[in-house]
Amino acid sequence: MSSIVNESQIEYGFVQKLRDLKYTVRQDIRDRRALEENFKKKFEALNRVTLSDAEFARLRDEIINPDVFAASKTLRQRNTFIREDGTPLQYTLVNIKDWCKNDFEVVNQLRMNTQNSNHRYDVILLINGVPVVQIELKTLEVSPRRAMQQIIDYKSDPGNGYTNSLLCFMQLFIVSNRSNTYYFANNRSQHFAFNADEQFLPVYQWADENNKKIPNLNDFSEKFLAKCRLGEMISRYMVLVESEQKLMVMRPYQIYAVEAITKCIEQNRGNGYIWHTTGSGKTLTSFKASTLLKDNSEIEKCLFVVDRKDLDRQTREEFNKFQEGSVEENTNTETLVRRMLSEDYADKVIVTTIQKLGLALDPANKRNYKEQLQPLSQKRLVFIFDECHRSQFGENHKAIKEFFPNAQLFGFTGTPIFEANANYQQIDGTAGSYKTTNDIFQKQLHAYTITHAIDDRNVLRFHVDYFKPDGKVNIGSGAHRIAVVEAILNKHDAATNSRRFNAVLATASINEAIEYYNLFKERQKERKDKDETFQPLNIACVFSPPAEGNKDVQQIQEDLPQEKKDNEENPNEKKIALKTIINDYNEQYSSNHSINEFDLYYQDVQKRIKDHKYSNTDYAHKNKIDVMIVVDMLLTGFDSKYLNTLYVDKNVKYHGLIQAFSRTNRVLNDSKPYGNVLDFRRQQASVDEAIALFSGEDAGSAKEIWLVDAAPVVIGKYEKAVEALGKFMRNHDLDCKPEEVNNLKGDAARAEFVNHFKEVQRLKTQLDQYTDLNTENEKKIEQLLPQEQLRSFQAAYLETAKRLKDKQNGDSDGEDPVQQLDFEFVLFASALVDYDYIMALIARYTQSKPAKQKMTKEQLIKLLSSSANLMEERDDIVAYINSLETGKGLTETEIREGYETFKEEKHAQELAAIAHKHGLQAAALKSFVDGILNRMIFDGEKLSELLEPLQLGWKDRSKKELALMQDLIPQLKKLAQGQEISGLKAYE
């Protein structure tokens, strides 16, 4: 007897579990009509009303909305419906305030018989008859990620029910193969896809308060799907982001933090702090904590307090992103005081800076506002501080506690202050000390450390390369800085995956930042003069100018101690240098910044680092920053997924070190396996100390979690993966050669090849970004799989994967091995091999005589075939290369124009061939295709019009339509260049 459990057995057990959790199991709801009849009964009971059939039909049509974001707002708010007699009915769909009092049901194998679809859904949970959670169950062989992909495929099918039935209210999806269970929010299509860059949906696993994962479906059901918890998840712990029209669901640790704060306030149990690591979404957590206080009548005001002007703007934008207009800018202290005294509900939550709050309460400030604020002094206020450990915090904290004795203070920090890191050397050489987090906030309410976050893959691990220059060079000397610049120029392409990402160079002083900036200019010019193919890095630099009474700059500098001190010596020199840097920046980026409006320059720099996300085709490399030279700026509070490397030439310790390193470790996809740190100060002892202090766990095991394996260890894994690939090929009586992949028999064997080679490529992608490989390492890697052979295998992989992907998108059995594949094309998308690069290479190829060519035609085609970037266009580019004459020199512009003409002619010929094959006029078919591409919509009526001259009966016409579309779909997809043509899926 087989021990394998099939999907129907898993489903049966799951439904029984929900029955145990006191859900009402509705075996009678199996189709759309029964679903709607049940909803009518639940709606009438909840709103204490009886609707006629006509009224219900009108209500149903009013609330069903193809836009999931709009439907989600309807689900949560009080709505109005005009009845037949003209009277308004105020109604709700769920009880948001008292979520346990809703009606919870479960249906399974619901079939949505809509005009274009006959989908059947595994298990759906209803709240008051509204479908809000869908659960897809798979056997152990199927990865949960494939189940997620199937949900996305369901959603993009026309007539699937998500846009034209009550399924439009779906809030959460859960996928499980019993051992692993994930949950994620529903969304509009732009936020709900495994896109070309494979930036996957944010998916989460549930965990307990100690961050121990709960992956098993049975345990997950008890904790997450208990009726009250699920009602609370839908009501309280989902966020509708207005600015992006996006649904977000909170992660377990965010929920526990919010619960801990609200409980502490409800019980009036003093202060507390949340230790949530940098990059874990503290803004969303603090937003939820503060907005939930809006409805607490015992709290007068909630102030969310941040430090520094740039953080103030960033946090305000984040808050307004979650809820438009939820906070306004406090341009001065007077505005803050006015809003604190306001009784308007909109002013109950205020975002401000600690500096403005300090000015309002500072007895030394002649214009303090203590008298005006007196009516608030005895009220219950809540202060939530974001990263509050700054040197000036102690005095402000004291002033707040003295003036508001009944206030409760809560702090969020990614790097708490303990006894060990409380003392520090000040810039002027004297000793300074921070108050510890416990001194200020009394107790820790919840912890989610970097160790937890790495384990959960919410942030990346670090690769630290401790640089040792050749020969004896004193750290901090001019020779040292020259060695650093040369090392960066040599290693940057490897560190950043061929400039797919960017880097920050942290320097010890403004003078050193200026010196570095000039050194890069000189050294890159020298390299370009020697080698015309050298591509210089785009270098920018930012440090604050001398304040000279400018309050904006003064405020920025309050947390930039090194820059503040540096600007006191020879301020004019600093100004002249910064003006030159900004002028160079304006010339490079066609901008118009000036030192007088420094903050606009600083904002532009940050935006440009984040805008690195676009491919060079969308956003040319000349617009990007490769290396940003800084002193104190950007090392805290700045986030970009496209920053992956930190070059460190300054001494950093404890929380300063963790904050700086954490700029590099935001998760993107498999092309960014870790955050890269190149340390030029030999600070291994400081790194070890910081890990030990902030791991929150045993320091020994934390180091293994935080840091990636050393290169020899990964090379060992790579060797095993290459050996496994060879063994697999031999088991199929084939040599381990790329050309033999075509001889694999059957989809099961091809699927196995995809999985084997994907592992080889994943490890190679990691090794490619190691900056500390020695000659022996490089030799071993090349021996295991020579570059030429690797490229050929990559081409074979892409060819095989594309074929299987097409099959996967068709209708095939869920147990089919092809249905279980994740292709991860992003591993094969070279940042180097893009459209511009290929066009430049082709131009260079035509200009050289055969004997002098650096790259042959065959090598050029192989390079193109080994990258996933241009998969859709590859055949066209290869055909174009084959049509060119060697030695007949063409410029890059001529190559581009020639290729576009070639492509148009080739597509015209292909369309003409399709027209001829199906007995159609070529001009009519071209007009039909142009119409589709202009609107990106496939219109079935236009297809009928196209076939009208053939005068076919309906049966023959249906056959002709299908035959024509089979030939036409590949053409349409190619011409659409990755964009989706609405309505085309019905014919695939």
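Residues numbered from 1 in each chain as written. Predicted model: local features only at pLDDT ≥ 70, side-chain atom pairs only at ≥ 80, totals over all residues. Heavy atoms only, no water.

Peer 1: Tell me about the overall build of the protein chain, and please be specific about residues and values.
Peer 2: Check the secondary structure of the protein chain and you find 36 helices and 24 strands. Looking at the protein chain residue by residue over its 988 residues, the buried ones come to 55%. When contacts within the protein chain are restricted to residue pairs at least 6 apart in sequence, long-range pairs at least 24 apart make up 72% of them. Total accessible area on the protein chain stands at roughly 44,100 Å², and carbon and sulfur atoms take up 46% of it. (Helix = DSSP H or I, 4+ residues; strand = E, 2+ residues; numbered from the N terminus. Buried < 20%, exposed > 50% of the residue type's maximum accessible area, 1.4 Å probe, protein only. Contact = heavy atoms within 4.5 Å. Areas by Shrake-Rupley, 256 points an atom, 1.4 Å probe, with all protein chains shown as cover.)

Peer 1: Tell me about the sheet that holds strand 11 (residues 272-276), residues and numbers included.
Peer 2: With parallel pairing, six strands are arranged side by side in an open sheet as 13-12-14-15-11-18. The open sheet terminates on both sides in strands that have one partner only, identified here as strand 13 (349-353) and strand 18 (444-448). Sheet twist, expressed as the average angle between the axes of neighbouring strands with direction ignored, equals 15 degrees. Contacts between helix 8 (residues 252-266) and the sheet are confined to strand 11, strand 14 (381-386), strand 15 (408-413) and strand 18, with strand 18 contributing the most and set at about 175 degrees to the helix. (Pairing = 2+ DSSP bridges. Axes fitted to C-alpha atoms, helices over the stretch in contact; angles between N-to-C directions.)

Peer 1: Would you mind going over the pairing of strand 13 in detail, with residue names and values included?
Peer 2: Across the five residues that make up strand 13, a large majority, five, are buried. Relative to strand 13, strand 12 (residues 301-306) is paired through five bridges, and the arrangement is parallel. Directly across from Val 305, in strand 13, lies its bridge partner Thr 352.

Peer 1: Pulling in residues and values, what's your account of helix 24 (residues 684-694)?
Peer 2: Along helix 24, the residues classified as buried are Ser 686, Val 687, Ala 690, Ile 691, Leu 693 and Phe 694. An end-on view of helix 24 places all buried positions within 165 degrees of arc, on one side of the element. Residue Gly 696 follows helix 24 closely and has a positive phi angle near 70 degrees. (Arc of directions from axis to C-beta.)

Peer 1: So what about the packing of aromatic side chains? Which residues, and what values?
Peer 2: Under the counting rule described, the total for this entry stands at 34 aromatic pairs. An angle of 80 degrees between the planes, with centres 6.0 Å apart, marks the rings of Tyr 23 and Phe 104 as edge-to-face. One end of the pair, Tyr 23, is in the loop between helix 1 (7-20) and strand 1 (24-25); the other, Phe 104, is in strand 4 (residues 104-113), and 81 residues separate them in sequence. For Phe 104, a relative accessible area of 3% corresponds to the buried category. Taken together, the ring pairs in this structure connect Tyr 183, Tyr 204, Trp 206, Phe 220, Phe 224 and Tyr 256 into an aromatic cluster. (Phe/Tyr/Trp six-rings, centres within 6.5 Å; stacked < 30°, edge-to-face > 60°.)

Peer 1: Could you give an account of the environment of Thr 580, with specific residues and numbers?
Peer 2: Note on placement: Thr 580 falls in helix 21 (residues 571-589). Judged by its relative accessible area of 37%, Thr 580 is partly exposed. Between the C-alpha atoms of Thr 580 and Ile 595, which are 15 residues apart in sequence, the distance is 9.8 Å.

Peer 1: Please provide a residue-by-residue account of empty space enclosed by the protein, values included.
Peer 2: Here the idea is plain: a probe the size of a water molecule rolls over the atoms and shows the empty space left. Applying the stated criterion to the full structure yields three cavities of 30 Å³ or more. Each pocket or cavity is described by its volume, and for the second largest cavity that value is around 40 Å³. Residue lining of the second largest cavity: Trp 275, Thr 277, Gly 414, Thr 415, Thr 449, Ile 450, Ile 658, Phe 694 and Trp 706, and that is the complete set. The residue makeup of the lining of the second largest cavity, split by class, is five nonpolar, four polar and no charged. (1 Å grid on protein atoms, 1.4 Å probe; cavity = no way out; pocket = protein on both sides within 12 Å on 5 of 7 lines; lining within 4 Å. Points joined across faces, edges and corners; volume = space filled by probe spheres on them. Nonpolar A, V, L, I, M, F, W, Y, C, P; charged D, E, K, R; others polar.)

Peer 1: Please give an account of the sheet that holds strand 22 (residues 627-630) that cites residues and values.
Peer 2: Taken in spatial order, the six strands of this open sheet run 19-24-23-20-22-21, and their pairing is parallel. Only two strands of the sheet have a single neighbouring strand rather than two, namely strand 19 (462-466) and strand 21 (539-541). Strand after strand, the sheet turns through a mean of 20 degrees between neighbouring axes, direction not considered. Looking at chain direction, strand 20 (residues 502-507) and strand 23 (residues 643-649) are connected through six bridges and run parallel. Its bridge partner lying in strand 23, Ala 506 is registered against Val 648.

Peer 1: I'd like a description of the side chain of Asp 122, backed by residues and values.
Peer 2: Relative to the assigned elements, Asp 122 resides in strand 5 (residues 118-127). For the buried Asp 122, no salt bridge exists, and the shortest N-O distance to an oppositely charged side chain is 5.3 Å, to Lys 138. Within the structure, Asp 122 has its side chain in polar contact with the backbone nitrogen of Leu 137 (distance 2.9 Å). Not counting residues within four places of it along the chain, the set of residues in contact with Asp 122 comprises Glu 11, Val 107, Asn 108, Gln 109, Ile 135, Glu 136 and Leu 137. (Lys, Arg positive; Asp, Glu negative; His and termini not counted. Salt bridge = Lys/Arg side-chain N within 4 Å of Asp/Glu carboxyl O. Polar contact = N/O pair within 3.5 Å; in protein donor to acceptor, adjacent residues only side chain to side chain.)

Peer 1: So what's going on with the state of the cysteines? Residues and values would help.
Peer 2: Tallied over the full model, the rule gives one disulfide. With its sulfur 1.9 Å from that of its partner, Cys 100 forms a disulfide with Cys 228. Here Cys 100, found in the loop between strand 3 (88-91) and strand 4, pairs with Cys 228, found in helix 7 (residues 227-235); they are 128 residues apart in sequence, far enough to count as distant. The exposure class of Cys 100 is partly exposed, given its relative accessible area of 38%. Relative accessible area serves as the criterion here: at 38%, Cys 228 is assigned to the partly exposed category. (Disulfide = S-S within 2.5 Å.)

Peer 1: I'd love a proper account of the packing of helix 35 (residues 940-947) against helix 36 (residues 954-976), names of residues and values included.
Peer 2: Interaxial distance between helix 35 and helix 36 falls to 11 Å at its minimum, and their mutual angle equals 105 degrees. In terms of their interaxial angle, helix 35 and helix 36 are classed as roughly perpendicular. Here Leu 943, Ser 944, Leu 946 and Leu 947 of helix 35 lie close against helix 36, whose contacting residues are Arg 957, Lys 960, Glu 961, Leu 964 and Met 965. For the contact of helix 35 with helix 36, the residue count by class is five nonpolar, one polar and three charged. (Parallel < 35°, antiparallel > 145°, perpendicular 65-115°, else oblique.)

Peer 1: Describe in detail the packing of helix 18 (residues 510-530) against helix 21, supporting the description with residues and values.
Peer 2: Two elements in contact, helix 18 and helix 21, have axes separated by 11 Å at closest approach and are oriented at 40 degrees. If you check the angle between helix 18 and helix 21, you find them oblique. The two elements helix 18 and helix 21 meet at a crossing, and its hand is left-handed. Contact with helix 18, carried on its side by Ile 510, Asn 511, Ile 514, Tyr 517 and Lys 521, involves Lys 574, Ala 577, Ile 581 and Asp 584 of helix 21 and no other residues of that element. Within the contact of helix 18 with helix 21, the residues separate by chemical class into five nonpolar, one polar and three charged. (Left-handed = near helix turned anticlockwise from the far one by under 90°.)

Peer 1: Please set out the environment of Ala 702 residue by residue, giving values where relevant.
Peer 2: Mapped onto the secondary structure, Ala 702 falls in helix 25 (residues 699-706). Sequence separation between Ala 702 and Asp 688 is 14 residues, and the spatial gap between their C-alpha atoms is 10.0 Å.

Peer 1: Break down the confidence of the model for the protein chain for me, with residues and values.
Peer 2: Low pLDDT marks regions whose predicted coordinates should not be analysed in detail. Of all residues in the protein chain, 87% attain a pLDDT of 70 or more, and the chain-wide mean is 85. Counting contacts from residues 195-199, a segment whose pLDDT is below 50, to residues more than four positions away or on other chains yields eleven contacts. (pLDDT = per-residue confidence, 0-100.)

Peer 1: Please provide a residue-by-residue account of the pattern of salt bridges, values included.
Peer 2: All told, the structure shown has 54 salt bridges when counted by the stated rule. With a shortest N-O distance of 3.8 Å, Lys 246 and Glu 244 are connected by a salt bridge. Under the relative-accessibility criterion, Lys 246 is labelled partly exposed at 22%. Judged by relative accessible area, Glu 244 falls into the partly exposed class, the value being 30%.

Peer 1: Summarise the side chain of Gln 134; cite the residues concerned and give the values.
Peer 2: Topologically, Gln 134 is positioned in strand 6 (residues 130-137). For Gln 134, a relative accessible area of 0% translates into the label buried. Residues in contact with Gln 134, not counting those within four places in the same chain, are Tyr 121, Val 123, Ile 124, Ile 151, Tyr 154, Tyr 162, Met 170, Leu 172, Phe 173 and Ile 174.

Peer 1: Can you break down the nonpolar core residue by residue, with the values?
Peer 2: Core analysis: the biggest nonpolar cluster contains 104 residues, and Phe 383, Phe 404, Met 628, Leu 634 and Trp 706 have the highest contact counts within it. Top contributing element to this core by residue count: helix 18, with seven residues. With 103 residues, the next largest nonpolar core counts Phe 43, Leu 93, Ile 274 and Val 349 among its residues. (Core = buried A, V, L, I, M, F, W, Y, C linked by side-chain atoms within 4.5 Å.)

Peer 1: Let's hear about the environment of Phe 520: which residues, and what values?
Peer 2: Mapped onto the fold, Phe 520 is located in helix 18. Distance from Phe 520 to Ala 540, taken between C-alpha atoms, is 10.0 Å for residues 20 residues apart in sequence. Beyond its immediate chain neighbours, meaning those up to four positions away, Phe 520 contacts Val 485, Ile 488, Leu 489, Leu 505, Ile 539 and Ile 629.

Peer 1: Describe unusual backbone geometry, naming the residues involved and giving the relevant values.
Peer 2: Even without a glycine there, the phi angle at Asn 268 is positive, about 50 degrees. Here Asn 268 is to be found in the loop between helix 8 and strand 11. Taking the relative accessible area as the measure of exposure, Asn 268 reaches 45% and is therefore partly exposed.

Peer 1: So what's going on with the pairing of strand 3? Which residues, and what values?
Peer 2: Side chains Leu 89 and Tyr 91 of strand 3 all project onto a buried face; the interleaved residues Pro 88 and Gln 90 project onto a face where none is buried. Alignment of strand 2 (residues 79-82) against strand 3, held across four bridges, turns out to be antiparallel. What sits directly across from Phe 81, in strand 3, is Leu 89. Following strand 2, the chain reverses through five residues before pairing antiparallel with strand 3; Gly 86 in that reversal takes a positive phi of roughly 90 degrees.

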